[in-house]
Amino acid sequence: MAKLDDKLTERLSDIGGYIVALSILSVIVIWLLIFMPMLNKLVEQQDTIAQAILDVQSANRSKSEFMANISHEIRTPMTAITGYIDRIYEDKIKDEDKDEVIKIIHDNSNHLLNLIDDILDISKIESKHFVLNKEYVNVMDTMDNLYNLLRVKAENKNINFEINYNTNMPSKIITDEKRFKQILFNVIGNALKFTEKGEVRIEVFYHEHKDELVFEIIDTGIGISKKQIKKLFNPFSQADNSITRKFGGTGLGLALSLKIAQKMNGDVFIKSSQPGKGTI
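Only a predicted model underlies this, so the values are computations on that prediction, with no experimental measurement involved. (Residues numbered from 1 in each chain as written. Predicted model: local features only at pLDDT ≥ 70, side-chain atom pairs only at ≥ 80, totals over all residues. Heavy atoms only, no water.)

## A short note on the overall build of the protein
Scanning the protein from N- to C-terminus turns up seven helices and seven strands. Partitioning the intrachain contacts of the protein with sequence separation of at least 6 by distance along the chain shows that 71% fall at a separation of at least 24. Taken as a whole, the protein presents about 18,900 Å² of accessible surface, with 56% of it coming from carbon and sulfur. (Helix = DSSP H or I, 4+ residues; strand = E, 2+ residues; numbered from the N terminus. Contact = heavy atoms within 4.5 Å. Areas by Shrake-Rupley, 256 points an atom, 1.4 Å probe, with all protein chains shown as cover.)

Right under this line is the structure:
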């Protein structure tokens, strides 16, 4: 009878061990299949929320910097306009200087209007109210017009400025001429702005098999780092705040050019750039 009790006790002990082992195994399986994925999901969500907070903070800083820049950009031409108008009103301008003063007022007024247009364009694009007006456009005539508008900047800085057509060009394309010129004016103007010596060269290609028109704007300017490229097309910042302080500008030009190009089924991008050597 004692032996039977011992065997029963041993069997119960074994069963208890199995139950404990199964319980532990069940806990492990439940942890691996249910709680571990939940924990991983919570960690991912926490990381996403933290990144979103950082992005919002960064965007707020960028917008604050943008507002400071835009205020400066608006104040500069307004100061010139109101200052010279006051002098004209008070009859403090010599007759021989009046034409020059009127030109200064005219130029600053146009700069102010262009600035307001850029802000409105960004707003229209982001609110999806941006409309293209397509028509037949002569590419070479448009480029000649741009060249004549921009060559004065190059001449004032004593840098070489040229346009080269590397393939046969289509006689006309269908596009929005105003926006087409706006993109190129911004990108080429930017190259001229940040180039103090050397050249700004526009190489034009028409790839007939792709039906693609390509403009390479090559400069020997200050160049940009890979880190700065990531910020370059942000509508509320330039690549570096020190650039804003040194060269001025709102940082809207390239961002606007990219958005308009994309609306026209095109693109704007940095092909290559080296700090101190230039950009394509």
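## Thoughts on helix α3 (residues 139-157)
The terminal C-alpha atoms of α3 lie 27 Å apart, and with 19 residues this matches the ideal 27 Å at 1.5 Å per residue to within 8%. Of all the bends in α3, the greatest, near 40 degrees, is centred on leucine 150. Turning to α3, its buried residues are Val139, Thr142, Met143, Leu146, Leu150 and Ala154. Contacts from the buried residues of α3 go to β1 (135-137), β2 (160-165), β3 (173-175), α4 (177-193), β4 (199-207) and β5 (212-219). Among the residues of α3, the N-terminal cap falls to asparagine 138, whose side-chain oxygen and the backbone nitrogen of methionine 140 are separated by 3.1 Å. Note on α3: the residue one or two positions beyond its end, asparagine 158, has a positive phi of about 60 degrees. (Expected span 1.5 Å × (residues − 1). Bend = angle between axes of the 7 residues up to and from the residue. Buried < 20%, exposed > 50% of the residue type's maximum accessible area, 1.4 Å probe, protein only. Polar contact = N/O pair within 3.5 Å; in protein donor to acceptor, adjacent residues only side chain to side chain.)

## Observations concerning the side chain of threonine 195
Residue placement: threonine 195 occurs in the loop between α4 and β4. Judged by relative accessible area, threonine 195 falls into the buried class, the value being 0%. Of the polar contacts made by the side chain of threonine 195, one reaches the backbone oxygen of alanine 191; its length is 2.7 Å. If near-sequence neighbours (up to four positions away) are discounted, threonine 195 is found in contact with Lys157, Ile159, Val200, Asp219, Thr220 and Gly221.

## A few points about the packing of aromatic side chains
Enumeration over the complete set of coordinates arrives at two aromatic pairs. On the basis of an interplanar angle of 10 degrees and a centroid distance of 5.1 Å, the ring pair of tyrosine 147 and phenylalanine 161 is categorised as stacked. Within this pair, whereas tyrosine 147 is found in helix α3, its partner phenylalanine 161 is found in strand β2, the two being separated by 14 residues in sequence. For phenylalanine 161, a relative accessible area of 7% gives the class buried. (Phe/Tyr/Trp six-rings, centres within 6.5 Å; stacked < 30°, edge-to-face > 60°.)

## Brief notes about the pairing of β4
Bridging between β2 and β4 involves six bridges; their strand directions are parallel. Counterpart to phenylalanine 161 in the pairing with β4 is valine 200. In this structure, the hairpin formed by β4 and β5 is closed by a connection of four residues, where aspartate 211 is found at a positive phi of approximately 55 degrees. (Pairing = 2+ DSSP bridges.)

## A short note on the environment of isoleucine 159
Within the secondary structure layout, isoleucine 159 lies in the loop between α3 and β2. By relative accessible area, which is 8% here, isoleucine 159 ends up buried. Measuring from C-alpha to C-alpha, the distance between isoleucine 159 and threonine 220 comes to 9.7 Å, with 61 residues separating the pair along the chain. The residues touching isoleucine 159, leaving out its near neighbours within four places in the chain, are Ala154, Leu192, Thr195, Glu196, Lys197, Gly198 and Val200.

## Description of the packing of α3 against α4
Pairs of packed helices are described in terms of their axes, by the angle between the two and the distance that separates them. Here α3 crosses α4 at 25 degrees, and the two axes come no closer than 10 Å. Here α3 lies roughly parallel to α4, going by the angle between them. The crossing of α3 and α4 is right-handed. From α3, Val139, Thr142, Met143, Asn145, Leu146, Leu149, Leu150, Lys153, Ala154 and Lys157 reach across to α4, where they touch Glu177, Phe180, Lys181, Leu184, Phe185, Ile188, Gly189, Leu192 and Lys193. Its residues assigned to classes, the contact of α3 with α4 shows 11 nonpolar, three polar and five charged. (Axes fitted to C-alpha atoms, helices over the stretch in contact; angles between N-to-C directions. Parallel < 35°, antiparallel > 145°, perpendicular 65-115°, else oblique. Left-handed = near helix turned anticlockwise from the far one by under 90°. Nonpolar A, V, L, I, M, F, W, Y, C, P; charged D, E, K, R; others polar.)

## Points about the environment of glycine 276
Looking at where glycine 276 falls in the secondary structure, it is placed in the loop between β6 (273-274) and β7 (278-279). A relative accessible area of 61% places glycine 276 in the exposed class.

## Focus on the nonpolar core
Within soluble globular proteins, side chains that are nonpolar generally end up buried alongside one another. By size, the foremost hydrophobic cluster in this structure holds 37 residues, and its most contacted members are Met143, Phe161, Ile188, Leu192, Ile202, Phe215 and Ile217. The element contributing the most residues to this core is α4, with seven residues. The next biggest cluster of nonpolar side chains, apart from the first, holds five residues, and it includes Ile93, Val101, Ile105 and Leu112. (Core = buried A, V, L, I, M, F, W, Y, C linked by side-chain atoms within 4.5 Å.)

## Some words on the pattern of salt bridges
In total, this model carries five salt bridges according to the counting rule given. Salt-bridge contacts for lysine 103 lead to aspartate 107; the nearest nitrogen and oxygen are separated by 2.9 Å. Here aspartate 107 and lysine 103 lie together in helix α2 (residues 98-126), a separation of four residues that amounts to about one turn. Given the relative accessible area of 47%, lysine 103 is considered partly exposed. Judged by relative accessible area, aspartate 107 falls into the partly exposed class, the value being 36%. Close ionic contact of glutamate 196 with lysine 157 constitutes a salt bridge, the shortest N to O distance being 3.3 Å. Here lysine 157 lies in helix α3 and glutamate 196 lies in the loop between α4 and β4, a separation of 39 residues in the sequence. The class for glutamate 196 is partly exposed, based on a relative accessible area of 48%. Through salt bridges with shared partners, a single ionic network connects Glu199, Arg201 and Glu203. (Salt bridge = Lys/Arg side-chain N within 4 Å of Asp/Glu carboxyl O.)

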